[in-house]
Structure formats: C-alpha cells, structure tokens
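Observations on the three-dimensional arrangement
Listed here are the chains, written in short residue letters.
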Amino acid sequence: MDIVFIEHDDNDRFRDVRLRNKFYSVINSLESRLLVIYTELNEGVLSAAKISIMDATSVIDCTCCTRNTNNKNWFLIKMVFSSSNDAVEMLIHELCHVMQYLSGQLDAGSSVSELTWKGEKFILNDIEPHRRPWERDAILNALTLHKYYIASSSST
Ligand SMILES: [Zn+2]
C-alpha cells in the first residue's frame with residue numbers, strides 16, 4: 001500500500017515529517033494484520049493500492065474516504081483532525097474502508113447517494129451514519145487494529 005500526501009496551502013499539517021512518519025509506521029505495522037481481518041483480499045491487491053491523504057480540516061466537516069472511479073486501486077482520504085493521535089485513529093478507520101472497497105464488500109451504487117454493502121443496496125439518506133453496516137464493521141475492526149498498533153509500536 002502506497003501513501004501520498006497532498007500538499008496544499010491551508011492548514012496542511014502533513015508537512016510535519018513526524019506526522020508523516022507516524023502514518024508510514026501505522027501502515028507498515030498493520031498491513032499484514034489487515035489481511036488477517038479482510039481475508040477476501042490478497043497481498044497483491046493490497047500492495048497495488050494507492051492512497052492520497054490530505055489535511056482537510058479547514059475545508060470540510062468530517063473525514064471521508066472516496067474511491068477513484070477510473071482507477072479502482074486509488075483512494076482519497078480527506079482528513080479532519082485535532083491531534084496526531086486523533087489522526088492515527090482516523091487513518092486506521094479509513095484503512096478499514098479501503099479494505100472493504102478492495103475486498104468488494106463495499107461498492108459504489110448507481111448514484112453518489114447510494115452504496116452497496118455485501119451485495120445489498122443502501123440509500124445513504126435513509127440510514128444514519130452510525131447505523132451503516134460498513135461503519136459498524138470499520139469501527140469494530142479499527143478498535144482491534146488500534147490496540148495492535150499501540151502494542152507493536154510500544155514494543156520497539
Ligand atoms: Zn467510516
């Protein structure tokens with residue numbers, strides 16, 4: 001999995017090399033773990049994935065992850081965060097969404113107001129964010145992954 005930081009003029013905290021390095025270490029320590037959780041995925045698919053990340057705190061209200069419609073290995077995470085620990089937690093959560101997309105569990109619907117989860121169509125306006133099954137899945141798995149990351153980063 002490749003990550004690229006998008007630089008821009010307002011509120012760009014990813015210019016901070018320590019924060020970038022933290023993100024690299026999250027990805028390095030969790031890649032194999034992600035494949036244990038999202039078993040439908042193989043290593044080749046994961047290593048072909050490319051994730052662009054930007055600090056969008058001054059631009060939008062909450063963090064989101066979108067998949068490029070032309071290149072399905074390509075994702076954009078716009079991040080809204082208050083501290084580096086906060087950013088790490090969000091990164092882990094958004095990585096779960098990337099895995100959901102790559103494994104085919106989550107897929108674009110026929111319009112932007114729709115998503116498909118494990119073959120079932122969901123109209124986004126009809127279901128509150130915390131009730132969406134892909135959010136529940138990401139929240140649960142991110143919790144496990146975060147614990148694993150903390151344990152692996154404190155043992156080195
Ligand atoms: Zn989410």
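Structure shown above.
1. A few points about the coordination of the zinc ion
The zinc ion binds to the protein through H93 (NE2), H97 (NE2), E135 (OE) and E135 (OE); the donor distances cover 2.0 to 2.7 Å. The coordination sphere of the zinc ion comprises four donor atoms, whose angles at the metal cover 53 to 151°; the geometry is irregular. Mapped onto the sequence, the residues coordinating the zinc ion show the spacing H-x3-H-x37-E. Of this pair, H93 sits in helix 3 (residues 84-102) while E135 is found in helix 4 (residues 133-154), placing the two residues 42 residues apart along the sequence. Each member of the pair, H93 as well as E135, is classed as buried.

2. A closer look at the pairing of strand 6 (residues 114-117)
Burial of strand 6 is two-sided: the residues E114 and T116 facing one way and the residues L115 and W117 facing the other way are all buried. Note that strand 5 (residues 106-108) and strand 6 share three bridges and pair antiparallel. Looking at the pairing, L106 lines up with W117 of strand 6. Hairpin connection, strand 5 to strand 6: the antiparallel pair is bridged by five residues. Bridging between strand 6 and strand 7 (residues 120-123) involves four bridges; their strand directions are antiparallel. Its bridge partner being in strand 7, E114 is matched across the sheet by I123. Between the antiparallel neighbours strand 6 and strand 7 lie two residues, among them K118 with a positive phi of about 45°.

3. Remarks on helix 4
Between its first and last C-alpha atoms helix 4 spans 32 Å; for 22 residues at 1.5 Å apiece the expected length is 32 Å, and the two agree. What helix 4 keeps buried is the set W134, E135, D137, A138, N141, A142, L145 and Y149.

4. Topic: the pattern of salt bridges
Taken as a whole, this structure holds six salt bridges when the rule is applied. For the salt bridge of E128 with R131, the shortest nitrogen-to-oxygen distance reads 3.8 Å. It is possible to trace a salt-bridge network through shared partners that takes in E7, D12, R15 and R20.

5. Concerning unusual backbone geometry
One non-glycine residue, N11, lies in the positive phi region at around 50°. With a phi close to 45°, K118 is a non-glycine residue in the positive phi region. With respect to the helices, strands and loops of the structure, K118 is situated in the loop between strand 6 and strand 7.

6. Focus: the nonpolar core
Ranked by size, the top nonpolar core spans 43 residues in total, and within it F23, I51 and I53 carry the most contacts. Breaking this core down by element, the ones donating at least two residues are strand 1 (2-5), helix 1 (17-37), strand 2 (50-55), strand 4 (74-79), helix 3, strand 6 and helix 4. Residue contributions to this core peak at 10 residues, all from helix 3. Once residues lying within four places of it in the same chain are set aside, the contact partners of F23 are I3, F5, F14, I53, M79, A87, V88 and L91.

How each quantity is defined
Residues numbered from 1 in each chain as written. Predicted model: local features only at pLDDT ≥ 70, side-chain atom pairs only at ≥ 80, totals over all residues. Heavy atoms only, no water. Donors = N, O, S within 2.8 Å, 3.2 Å for Na, K, Ca; no water. Tetrahedral: all angles 85-135°; square planar, octahedral: opposite > 155°, others 65-115°. Helix = DSSP H or I, 4+ residues; strand = E, 2+ residues; numbered from the N terminus. Buried < 20%, exposed > 50% of the residue type's maximum accessible area, 1.4 Å probe, protein only. Pairing = 2+ DSSP bridges. Expected span 1.5 Å × (residues − 1). Salt bridge = Lys/Arg side-chain N within 4 Å of Asp/Glu carboxyl O. Core = buried A, V, L, I, M, F, W, Y, C linked by side-chain atoms within 4.5 Å. Contact = heavy atoms within 4.5 Å.

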